[in-house]
Amino acid sequence: MMKDGELSARHMELGNFAIRIHRREHKSWQGFVTHLEKNETVPFRSALELLLIINNILNEEEQEAGILK
């Protein structure tokens, strides 16, 4: 587990995202998330899917940076 100082040092190191909410149906969000560093846009159908997309992108970034093994 990272200490607070390590976490602070890595803040915004892995990615910045723009989230566009297109509509709200069935008490959840639908829209698009853009990974700004790579200019890649992915649609999402729920808030949970949005979080999973962001998590997957960050995991990929960490693997490329050699942070995760």
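Let me sum up the structure you'll find in this document. Residue positions are given per chain, counted from 1 along the sequence in the order it is written. Reporting in this predicted model follows two pLDDT cut-offs: at least 70 for local features of residues, and 80 or more for side-chain atom pairs to be given and counted; totals over whole chains, interfaces and linings ignore these cut-offs and use all residues. The basis for the side-chain values is all heavy atoms of the structure; hydrogens and waters are excluded.

In terms of nonpolar packing, the biggest core is built from six residues, these being V33, F44, L50, I53, I54 and I57. If you tally residues by element for this core, the top one is helix α2 (residues 47-65), at four residues. To qualify as a nonpolar core, a set must consist of buried Ala, Val, Leu, Ile, Met, Phe, Trp, Tyr and Cys residues joined through side-chain atoms within 4.5 Å. The classification of residues rests on relative accessible area computed with a 1.4 Å probe and restricted to protein chains. Under 20% of the type maximum is buried, over 50% is exposed, and intermediate values are partly exposed. Under the scheme used here, helices are H or I runs from DSSP no shorter than 4 residues and strands are E runs no shorter than 2 residues, and both carry numbers assigned from the N terminus.

For S28, the position within the fold is in strand β2 (residues 28-35). Given the relative accessible area of 17%, S28 is considered buried. A 3.5 Å cut-off defines polar contacts: any pair of N or O atoms within that distance qualifies, except that in protein one atom must be a possible hydrogen donor and the other a possible acceptor, and neighbouring residues in sequence count only when both atoms are side-chain atoms. For S28, the side chain forms a polar contact with the main-chain nitrogen of A47, separated by 3.0 Å. Residues count as neighbours in contact if any of their non-hydrogen atoms are within 4.5 Å of one another. Discounting residues that sit within four places of it in the chain, S28 has contacts with R23, S46 and A47.

Below, the discussion takes up the sheet that holds strand β3 (residues 40-44). In this analysis, strands are considered paired if DSSP registers two or more bridges between them. Pairing within the open sheet is antiparallel, and its three strands lie in the order β1-β2-β3. Where the open sheet ends on each side, the last strands, each with one partner, are β1 (17-25) and β3. Strand-to-strand, the axes of this sheet are offset by a mean angle of 15°, without reference to chain direction. Relative to β3, β2 runs antiparallel, the two sharing five bridges. Bridge assignment links H35 to a residue of β3, and that residue is E40. Only the stretch in contact is used when a helix axis is fitted, and all axes are lines through C-alpha atoms; the angle between N-to-C directions ranges over 0 to 180 degrees.

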